[in-house]
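The chain contents come next:
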Amino acid sequence: MPLQLRHPRWLAPTTLVLSVLGLADAAYLTFEHYSGSTTLACSDSGAVDCAKVTTSQWSSIAGVPVALLGLLFFVGMTALCLPQVWRRSTPTLDTIRIGAAGVGLLMVFYLLWAEFLQIHAICLWCTGVHVITFVLFFALLFGQILRVPVDGVASAHEPATDDTQHVE
Amino acid sequence: MATPTGREKLAAMQAQQARAARQKKLLAITSAAVVVVLAVVAIFFVVGQNKKDSQDKKAVSAASNGGYLSSVLNIPATTYDAVGHGSASTAPKAVTGKPLSKGGKPEVLYMGAEFCPYCGMERWALTAALSRFGTFTGLQPAVSSATDSPSNIPTMTYLHAKYTSKYLTFTSYEMADRAGNKLQTPSKAATTLFGKYDSGGSIPFIDYGNKAVSVGATFQGASYLQNASGSDVAAKLKDPNSAEAQGIIGAANVITAHLCDLTKGQPSSVCASTGVIRAASGV
């Protein structure tokens, strides 16, 4: 009989908190983008210069603001990391979650390339989003690897609980 | 529920051991991936820093050759006429105050700093415009700050400049050097005007005889001046259709129209020129 596994208990709350923090950060950056970055709470000279980053030519992709893309990303991640979604999680949902976070991480690489190599300035709020995306991706990955049998070695004979999702 | 047999227990134990071994391997791979991601970020940072330092050195080196300054002071009248208003984006704003003069001539007051990119842009246009009414000596090449935005604007500094004209007087204050260290201290009268007309405290601040003032650059030159060399910019000024000529010479014509207002249309060779009239109509 296949072994039933569940995610570690820290995974659902951790990913939800990270997603909500990322959502708040991205929402703020989106608001600032559409309000002309006039009230951006950040240094505006030297290496840390949020306005220089958020008003640069790299702040949009094909006319779509990257802040808005970030907001949509975290709306999706927050939905995927809600407790009820975790409880009903399936291998497909796990793959979507990790895949989406992986796409987010690739976007972070692109934005870091733009900040460090093209704009020569760092936006603190954007860095917050980058760090959250990085931690979220690896939290999901480690959570997937660290799945444990539902009830120790003998779990194969136990009925599934709410947290039990996968079989191997 | 049936009790597992010895064979089933053994199979479960072996499966568990295989799972644990695979988990250990995946953890090692993922930990390595974390390190790789952090290393890539560090590489981006180091390469970006080196690129920035290299651009800074290049800008400073290009500015050490001040040959381009003579081009700004000797723009042909035909080029001014061909450009007209160009892409000048803002005109000095009219004000009503006690006329500003010195030695019986209307006075133009400039307050800026060497680190400031928009001062660097505006000096191109202001220098060109003033050179049509008099003579500059002591102008030196300069480049704005590498850490400000936009960075490394090639320009000139008024720190040791002298201006002589039978129509106007020019008073300038470069208040800080490229690194932000204090240089010239404005007079009390200049500070009063700065406080009165520039409530935001932005530079450059230029007062045209107290008949008009401008705050900031009067053309948008960041895209083509950032990290450019002064010689390249000066060369582009020869082509009236270039972005550089449209911006710098267009703004110079707009400024010239305001200077003509102060000099009551003198000299007519400048103030009645096509370029200035076209710029004035744009104003």
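All figures in this text were calculated on a predicted structure; none of them were measured in a lab. (Residues numbered from 1 in each chain as written. Chains lettered and ligands numbered in written order. Predicted model: local features only at pLDDT ≥ 70, side-chain atom pairs only at ≥ 80, totals over all residues. Heavy atoms only, no water.)

Draft legend 1. Representation of the side chain of Q23(B). Here Q23(B) lies in helix α1 (residues 6–64). Of note is the side chain of Q23(B), whose polar atom sits 2.7 Å from the backbone oxygen of I145(A). Aside from chain neighbours lying at most four places away, what touches Q23(B) is I145(A), L146(A) and R147(A). (Helix = DSSP H or I, 4+ residues; strand = E, 2+ residues; numbered from the N terminus. Polar contact = N/O pair within 3.5 Å; in protein donor to acceptor, adjacent residues only side chain to side chain. Contact = heavy atoms within 4.5 Å.)

Draft legend 2. Spatial organisation of the interface of chain B and chain A. Listed by partner, the interface residues are 28 residues for chain B and 26 residues for chain A. At the boundary of chain B with chain A, the tally comes to zero salt bridges. Applying the counting rule to chain B against chain A returns five residue pairs in polar contact (both at pLDDT 80 or more). Classifying every residue of the side of chain B that touches chain A by side-chain character gives 15 nonpolar, eight polar and five charged. (Salt bridge = Lys/Arg side-chain N within 4 Å of Asp/Glu carboxyl O. Nonpolar A, V, L, I, M, F, W, Y, C, P; charged D, E, K, R; others polar.)

Draft legend 3. Geometry of a nonpolar patch on the surface. Residues and elements named next belong to chain A. A grouping of I61, V64, L69 and L72 is seen on the molecular surface, where their side chains present a nonpolar patch of about 290 Å² in accessible area. With respect to the helices and strands, V64 occurs in strand β3 (residues 64–65). Residue classification places V64 among the partly exposed positions, given a relative accessible area of 31%. (Patch = residues over 30% accessible without salt bridge, like charges linked within 9 Å, V, L, I, M, F, W, Y side chains within 5 Å. Areas by Shrake-Rupley, 256 points an atom, 1.4 Å probe, with all protein chains shown as cover. Buried < 20%, exposed > 50% of the residue type's maximum accessible area, 1.4 Å probe, protein only.)

Draft legend 4. Spatial organisation of the nonpolar core. In this structure, L126(B), F133(B), L168(B), F170(B), Y208(B) and L259(B) are the most contacted members of the largest nonpolar core, which totals 72 residues. At 11 residues, the largest contribution of residues to this core is made by helix α8 (residues 243–262) of chain B. When near neighbours in sequence (up to four residues on either side) are disregarded, L259(B) contacts V108(B), A129(B), L130(B), F133(B), L168(B) and Y208(B). Among the nonpolar cores identified, the runner-up in size contains 40 residues, and W58(A), C123(A), V37(B) and F44(B) belong to it. (Core = buried A, V, L, I, M, F, W, Y, C linked by side-chain atoms within 4.5 Å.)

Draft legend 5. Representation of the packing of helix α4 (residues 117–130) of chain B against α8(B) in the model. Residue and element names in this part refer to chain B. Running from N to C, α4 and α8 point in directions that differ by 50 degrees, and their axes come no closer than 8 Å. Taken together, the axis directions place α4 and α8 in an arrangement best described as oblique. Of the two elements, α4 crosses α8, and the hand of that crossing is right-handed. Contact residues: E122, W124, A125, L126, A128, A129 and L130 in α4; I248, A251, A252, I255, T256 and L259 in α8. Broken down by class, the residue content of the contact of α4 with α8 amounts to 11 nonpolar, one polar and one charged. (Axes fitted to C-alpha atoms, helices over the stretch in contact; angles between N-to-C directions. Parallel < 35°, antiparallel > 145°, perpendicular 65-115°, else oblique. Left-handed = near helix turned anticlockwise from the far one by under 90°.)

Draft legend 6. Region of the structure containing the packing of helix α1 (residues 11–34) of chain A against helix α3 (residues 66–80) of chain A. Residue and element names in this part refer to chain A. One can describe the packing of α1 onto α3 by two numbers: an axis separation of 8 Å at closest approach and a directional angle of 155 degrees. Between α1 and α3, the crossing angle belongs to the class labelled roughly antiparallel. When you trace α1 past α3, the crossing you get is left-handed. The residues of α3 that touch α1, namely those facing L16, L18, S19, V20, G22, L23, A26, A27, L29, T30 and Y34, are A67, L68, G70, L71, F74, V75, M77 and T78.

Draft legend 7. Summary view of the environment of A190(B). Position of A190(B) among the secondary structure elements: in helix α5 (residues 188–197). Filtering out sequence-adjacent residues up to four positions away, A190(B) remains in contact with L109(B), M111(B) and Y173(B).

Draft legend 8. Representation of the pairing of strand β8 (residues 169–174) of chain B. All names here are of chain B. The element β8 is extensively covered by neighbouring structure, given that six of its six residues are classed as buried. Of the two faces of β8, both are covered, the one formed by T169, T171 and Y173 as well as the one formed by F170, S172 and E174. Note that strand β3 (residues 105–112) and β8 share six bridges and pair parallel. Bridge pairing in β8 links L109 to T171. (Pairing = 2+ DSSP bridges.)

Read these as geometric descriptors, not functional statements.
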